[in-house]
Amino acid sequence: MTHSPSATSLPRIVVMGVSGCGKSTVATLLAARLGTPYVDADDLHPAANVARMSAGVPLTDDDRAPWLDTVAATIADAPDGVVVACSALRRSYRDRLRAGAPGTVVVHLDGTPELLASRIGARTDHFMPASLLGTQLATLEPLADDEPGTVLDVTATPDELADAAATWWRGHGSAPAIAQTSGLAQVTETGPNGRTRP
């Protein structure tokens, strides 16, 4: 049994990762390659959540629950498929998205804490402060072997990442993906659920 998109399914793709991984940029490029709409899940947060994060206060699971349900509904209601940039750090969050929008797959953008911190420090256009990166990394639960998705190394360029994600989607999990190796991007074969094999 494989854990990858079906040949007839529309793209329901969540580009996930902690702050600074490039979710929005890569998801935008991926949506353009697949001809689907792009949605930033940050735009779906209620004002109270944005205020908490802007103040450096981590969200609780109770804070996230209605937001995740809104994200799932947005995915499920997209008639032509959709690519969503969403942190989706815990397995339970991704399960909630898949329960509300069956067929959703995940592209996890992974990078070292040092690289992610440097990227956040250079940003001026986002409400997420760098102080929350440590909390996000502690919260992060990598994709499990039974989760449909692939993991890409953010040392690659956004265009390379979008190309790799699009190739994986079109190949239904059997195409090459950019894996993490000594700070460099290389191409490796993916397993049946799209996760890279060592």
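Definitions and cut-offs
- Residues numbered from 1 in each chain as written.
- Predicted model: local features only at pLDDT ≥ 70, side-chain atom pairs only at ≥ 80, totals over all residues.
- Heavy atoms only, no water.
- Helix = DSSP H or I, 4+ residues; strand = E, 2+ residues; numbered from the N terminus.
- Buried < 20%, exposed > 50% of the residue type's maximum accessible area, 1.4 Å probe, protein only.
- Contact = heavy atoms within 4.5 Å.
- Pairing = 2+ DSSP bridges.
- Axes fitted to C-alpha atoms, helices over the stretch in contact; angles between N-to-C directions.
- Core = buried A, V, L, I, M, F, W, Y, C linked by side-chain atoms within 4.5 Å.
- Left-handed = near helix turned anticlockwise from the far one by under 90°.
- Nonpolar A, V, L, I, M, F, W, Y, C, P; charged D, E, K, R; others polar.
- Expected span 1.5 Å × (residues − 1).

1. Some thoughts on the overall build of the protein chain
Alright, step 1. The secondary structure content of the protein chain amounts to 7 helices and 7 strands.
Alright, step 2. When the helices and strands of the protein chain are read in sequence order from the N terminus, they spell out β-α-β-α-α-β-α-β-α-α-β-α-β-β.
Alright, step 3. Expressed as a percentage of the 198 residues in the protein chain, the buried residues total 45%.
Alright, step 4. The long-range fraction of contacts in the protein chain, counting pairs at least 24 apart against all pairs at least 6 apart in sequence, stands at 73%.

2. What about the sheet that holds strand 5 (residues 149-153)?
Backbone-to-backbone hydrogen bonds pair the strands of a sheet. The strands run either parallel or antiparallel.
Alright, step 1. Reading across from one edge, 2-3-1-4-5 is the order of the 5 strands in this open sheet, with parallel pairing throughout. A strand with exactly one partner marks an edge of an open sheet, and here the two such strands are strand 2 (38-40) and strand 5. Within the sheet, the average angular offset between the axes of one strand and its neighbour, ignoring direction, is 20°.
Alright, step 2. Pairing of strand 1 (residues 12-16) with strand 4 (residues 105-110) involves 4 bridges; the strand directions are parallel.

3. Section: the nonpolar core
The tendency in soluble globular proteins is for nonpolar side chains to be buried side by side.
Alright, step 1. Counting 47 residues, the largest nonpolar core has Ile 13 and Leu 109 as the members making the most contacts within it.
Alright, step 2. Secondary structure elements with two or more residues in this core: strand 1, helix 1 (23-34), helix 3 (61-76), strand 3 (82-85), helix 4 (91-100), strand 4, strand 5 and helix 7 (158-170).
Alright, step 3. Looking at which element gives the most residues to this core, the answer is helix 7, with 6 residues.
Alright, step 4. Setting aside residues up to four positions removed in sequence, Leu 109 forms contacts with Val 15, Met 16, Gly 17, Cys 21, Gly 22, Lys 23, Val 26, Leu 152, Val 154 and Leu 161.

4. So, the packing of helix 3 against helix 4
Alright, step 1. Their axes nearest at 8 Å, the elements helix 3 and helix 4 cross at an angle of 35°. Considering how the two elements wind past one another, helix 3 and helix 4 form a crossing that is right-handed. Across from Asp 61, Arg 64, Ala 65, Leu 68, Asp 69, Val 71, Ala 72 and Ala 76 in helix 3, the residues of helix 4 making contact are Tyr 93, Arg 96, Leu 97 and Gly 100.
Alright, step 2. For the contact of helix 3 with helix 4, the class distribution of residues is 7 nonpolar, 1 polar and 4 charged.

5. Digging into helix 3
Alright, step 1. Between its terminal C-alpha atoms helix 3 stretches 22 Å, which fits the 22 Å expected from 16 residues at 1.5 Å a residue.
Alright, step 2. If you check which residues of helix 3 are buried, you get Asp 63, Arg 64, Ala 65, Trp 67, Leu 68, Val 71, Ala 72 and Ile 75.
Alright, step 3. For helix 3, the secondary structure elements touched by its buried residues are strand 1, helix 2 (47-54), strand 3 and helix 4.

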